[in-house]
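# Fold and geometry: a report
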Amino acid sequence: MRYLLGIILLLSSFIVQADKLSRKDKSDLDKLIRSEQYEKAIKKIEILSKRYKRSYQLQMLKGIIYTAMPEHMGEADKEIAKALELTKKPFEQQQIRYHVARAYHRQEKFQDCINECKNLLKDVEKWKRNSDGKIDQLVTMARTSSMYLDAPIDVNIDSYDVNTTGFELAPVIPLNEEQLLYSSGKGNSVLRKHYSGDKDNSSMKRLSFSKGKVITSLSMNLQRDVMVLSVARKDNYKGESTIYISKKDKGTWTKPRPLPEEINSSSEDNFASISPDGHWIFFSSKRFGGKGGYDIYRARLNRDWTVEKPKNVGKFVNTHRDEIYPVLHPNGTSLYFSTNGQMGVGGFDIYYSDEYEGTFTDPINLGYPLNSTADDFEYVESVDGTAGYLVSRRMNGKGSTDIYKVFYPDRERNGLYAVVGNYDTELHENDSIVGALENISTVKELSVNDETGDFSVIAKSGENYELSIKTSENQDSVYQAKIFVSGKEYEQMTPPLVDLGNIDPNGVKDEAPKKEEVVNLSREELQHIFFERNYARLTNYSQNVIRKLILREGLKDNDVKLALSGTIDGQEVLLEKSYLAKQRCEIVMKYLIKMGIQPERIKIIDNPEVYRPFVVDHYFHKLYYYLYLDQKVDEEFIKSLESHEQMRMGNLLNRRVKIDILDK
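The present account deals with the structure reproduced in this document. On a predicted model such as this, the values are computed, not experimentally measured, just so you know.

## What to know about the packing of aromatic side chains
Inspection of every chain in the model, using the stated rule, returns 13 aromatic pairs. Both rings, one in Phe167 and one in Tyr237, keep their centres 4.9 Å apart while their planes meet at 20°; by these two values the pair is stacked. Placement of Phe167 in the loop between strand E1 (156-159) and strand E2 (168-172) and of Tyr237 in the loop between strand E6 (226-233) and strand E7 (241-249) is noted, with a sequence separation of 70 residues between them. The class for Tyr237 is buried, based on a relative accessible area of 4%. Summarising the aromatic geometry, the rings of Phe271 and Tyr325 are spaced 4.6 Å apart at their centres and angled 50° between planes, so their arrangement reads as tilted. Separated by 54 residues along the polypeptide, Phe271 in strand E10 (residues 269-274) and Tyr325 in strand E14 (residues 323-328) bring together distant segments of the chain.

Following this line, the structure appears as structure tokens:
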């Protein structure tokens, strides 16, 4: 969008030179475009066009604005092309045709875009001004977008019923209530609480701001008792904002107070969020020392609401352009954000980056149709990874930005659960409650409310944990218990929830599984690690499989060596994704090392043929009736399967890393 506005503002300066618009007309038009008041800008252009009847720039500008309006995006190419009738000059016509090609890209007419660009390149020698490689870049963008569209991810995306003709932003995933919190630029209230039935804004009154303001981002911790929000001018909601924090007190949110100057600096700071555990603030900033445009930073949030010095999240995430709307997934490692600095589907795309040993890795595009050729700003995902919400300016939307529901019909739950409960104990003056949830691989701080004793934390199904709660003045544990987090089925869009209720300080829960339940799993079941198409992301389920393999084979207690070999499926071959095989091996290797396996015991086998169809073994033959023993799951066999689900499973078997345990 920033690039689009740059073109619009440049064109408006051309209009001044060519058609001698008054200073006031130019100023009014620029102001409308900067504040994204596109309907009013169109009306202004129509009025000016009556005065300047042969202005090709005004007509072209109208069409370009249409590319930013979801309801008019489909008409943009025709509106821009009308400008061809208003000039006969070759350079001016080539300029118009370039923007027609850009409109084709927004409309997902990629071949039309490429053909128009190729015709322009034939005329480039006649073009008196240098095109600065923009045509080649547009061709590359169209081809890249086409690749994403040729391999769509399996996801359902539906417009949410709160959308208006204005803009809706900042959805907050519901936990265990039938509601959606979000920001709206329509009406007097910029923050609404929407139930499946009645609406109730009583607890949100102190979070309303003046009509000239809008909440650009809204985020809550897992426990839903701390909120971080960014508030900007309504006419420039992507510019400088003030970042506030509010706490829930007796069912009502306190008056928001600005975070200190470490967050609200003299530079532009916006799009803030709080991590699910309540310990980190993520935000975008144009402060000195970044890579360019908005960069993403994070800062530790202390219990007294002071913050430590923010740190840039790193060179892999931030580019020379804009990174906005950072949101940390409840798993505590996956950072979702939007950027226009990567070559993706188009405009702002949503990516995720996983943190490994304090560093965020190369980001991965979430793919089409979750990303569109228009601007996709914000993505929040449920705890279990099967659903979420998306903010987008995509074609055929209702307003400037709309909120969409996202649901993955075939994605397996990631095994994460929100463990919530209450520790009912009498506190002394100046006491505060602290806590931790610990197992052999990780220690997680609990978010405990000092006033109510409520606590929450993300845990994995099937894992043993030791829950410890104590007061800050008493280093001895006030409460300590062993718990086993078991999975349950929950309705769509509602994150899995394990409710421990009011726990007894003297009680102990111990529902741990027997070791035999892990050890008796077959090696065949555990040594194959599978991946989603086009991704090298290690899912939480796969991490659990690796840990079980380590336990079953006693890999920490002996010196056996491991050999990793990776493969891709037939569709990834067509998209030239052969590098994924090595990336998948590397991510499995990193996780094995993280789990205590020495690096020198692991080697990655380079396969000359990364597309090596899976050969069905005894385990998968028993698991899936349509997979025959010793059957080669190649493209021919996959196409012969009866259903989409069977084909999906066949392709999944080819996207794998095999962990071979060499002779002891």
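## Topic: the environment of Arg106
For Arg106, the position within the fold is in helix H6 (residues 90-106). Separated by 39 residues in the primary sequence, Arg106 and Thr67 have C-alpha atoms spaced 6.8 Å apart. Leave out the neighbours within four places in its chain, and Arg106 touches Thr67, Met73, Gly347, Thr373, Ala374 and Asp375.

## What about unusual backbone geometry?
Each neighbour pair has its own omega, and for Tyr368 with Pro369 the value is 10°, a cis peptide bond. The topology assignment puts Pro369 in the loop between strand E18 (364-365) and strand E19 (376-381). Here the phi dihedral of Ala170 falls at roughly 55°; this positive angle occurs in a residue that is not glycine. One non-glycine residue, Asp630, lies in the positive phi region at around 65°. Mapped onto the fold, Asp630 is located in the loop between helix H14 (618-623) and helix H15 (635-640). Since its relative accessible area comes to 58%, Asp630 is described here as exposed.

## Considerations on empty space enclosed by the protein
A complete count under the given rule lists four cavities of 30 Å³ or more for this structure. Within this model, the largest cavity holds a volume of roughly 300 Å³. If you trace the largest cavity, you find 24 residues lining it, with Ile173, Met220, Arg224, Pro276 and Val327 closest to the centre. Counting only elements with at least two residues in the lining of the largest cavity, the list comes to E2, strand E5 (213-220), E10, E14 and E19. Here the lining of the largest cavity is built from residues that sort into 15 nonpolar, six polar and three charged. Taken as a whole, the second largest cavity encloses approximately 60 Å³ of empty space. Lining the second largest cavity, in full, are Ile153, Tyr336, Leu366, Leu370, Tyr379, Glu381, Tyr408, Arg411, Tyr535 and Arg537. Of the residues in the lining of the second largest cavity, the class split is seven nonpolar, no polar and three charged.

## Describing the pattern of salt bridges
Taken as a whole and judged by the stated rule, the model has 24 salt bridges. Across the pair Glu553 and Arg552 runs a salt bridge, and its minimum N-O distance is 2.2 Å. A relative accessible area of 7% means that Glu553 is categorised as buried. Residue classification places Arg552 among the partly exposed residues on the basis of a relative accessible area of 29%. A network of salt bridges, in which partner residues are shared, links Lys24, Asp25, Asp28, Lys44 and Arg51.

## Focus on helix H13 (residues 579-594)
With 16 residues, H13 should reach 22 Å at 1.5 Å per residue; the first-to-last C-alpha distance of 23 Å fits that figure. Within the sequence span of H13, burial applies to Leu580, Ala581, Arg584, Cys585, Val588, Tyr591 and Leu592. Mapping the buried residues of H13 onto a view down its axis gives an arc of 140°, with all of them on the same face. Phi turns positive, to about 105°, at Gly596, one or two residues after H13.

## Some thoughts on the pairing of E7
Judged from the seven bridges that link them, E6 and E7 form a sheet pairing that is antiparallel. Bridge pairing in E7 links Met227 to Ser246. Taken together, the two bridges between E7 and strand E9 (residues 257-258) define a ladder with antiparallel strand orientation. By the bridge assignment, Ile245 is partnered in E9 with Arg257. Sheet topology places E7 next to strand E8 (residues 252-253); two bridges connect them, and they run antiparallel. Bridging across to E8, Lys248 finds its partner in Trp253. The antiparallel hairpin formed by E7 and E8 contains two residues in its connecting segment, where Lys250 sits at a positive phi of about 55°.

## Some remarks on the nonpolar core
Here is a general trend for soluble globular proteins: nonpolar side chains tend to be buried in one another's company. By size, the foremost hydrophobic cluster in this structure holds 40 residues, and its most contacted members are Leu29, Met60, Ile65, Ile80, Ile96, Cys113 and Cys117. For this core, the elements supplying multiple residues, two or more each, are helix H2 (23-34), helix H3 (38-51), helix H4 (56-66), helix H5 (76-81), H6, helix H7 (110-122) and helix H8 (134-150). At seven residues, H4 tops the list of elements feeding residues into this core. Among residues more than four places away in sequence, those in contact with Ile96 are Tyr56, Met60, Ile80, Ala83, Leu84 and Thr87. Formed by 33 residues, the second largest nonpolar core is a distinct cluster that contains Leu207, Ile215, Met227 and Val380.

## Some details on the pairing of strand E23 (residues 433-438)
Burial along E23 is one-sided: the face carrying Ile433, Gly435 and Leu437 is buried and the face carrying Val434, Ala436 and Glu438 is not. Sheet topology places E23 next to strand E27 (residues 464-471); six bridges connect them, and they run antiparallel. Paired with Ile433 across the two strands is Thr471, which belongs to E27.

## A short note on the packing of H7 against H8
H8 packs onto H7 with a crossing angle of 160° between their chain directions and a minimal axis gap of 9 Å. Here H8 runs roughly antiparallel to H7, going by the angle between their axes. Along this stretch, H7 crosses H8, giving a crossing that reads as left-handed. Within the contact between the two elements, H7 uses Phe110, Cys113, Ile114, Cys117, Lys118, Leu120 and Leu121 and H8 uses Ile135, Asp136, Leu138, Val139, Ala142, Arg143, Ser145, Ser146 and Leu149. Partitioned by chemical class, the residues of the contact of H7 with H8 number eleven nonpolar, two polar and three charged.

So, how was this worked out
Residues numbered from 1 in each chain as written. Predicted model: local features only at pLDDT ≥ 70, side-chain atom pairs only at ≥ 80, totals over all residues. Heavy atoms only, no water. Phe/Tyr/Trp six-rings, centres within 6.5 Å; stacked < 30°, edge-to-face > 60°. Helix = DSSP H or I, 4+ residues; strand = E, 2+ residues; numbered from the N terminus. Buried < 20%, exposed > 50% of the residue type's maximum accessible area, 1.4 Å probe, protein only. Contact = heavy atoms within 4.5 Å. 1 Å grid on protein atoms, 1.4 Å probe; cavity = no way out; pocket = protein on both sides within 12 Å on 5 of 7 lines; lining within 4 Å. Points joined across faces, edges and corners; volume = space filled by probe spheres on them. Nonpolar A, V, L, I, M, F, W, Y, C, P; charged D, E, K, R; others polar. Salt bridge = Lys/Arg side-chain N within 4 Å of Asp/Glu carboxyl O. Expected span 1.5 Å × (residues − 1). Arc of directions from axis to C-beta. Pairing = 2+ DSSP bridges. Core = buried A, V, L, I, M, F, W, Y, C linked by side-chain atoms within 4.5 Å. Axes fitted to C-alpha atoms, helices over the stretch in contact; angles between N-to-C directions. Parallel < 35°, antiparallel > 145°, perpendicular 65-115°, else oblique. Left-handed = near helix turned anticlockwise from the far one by under 90°.

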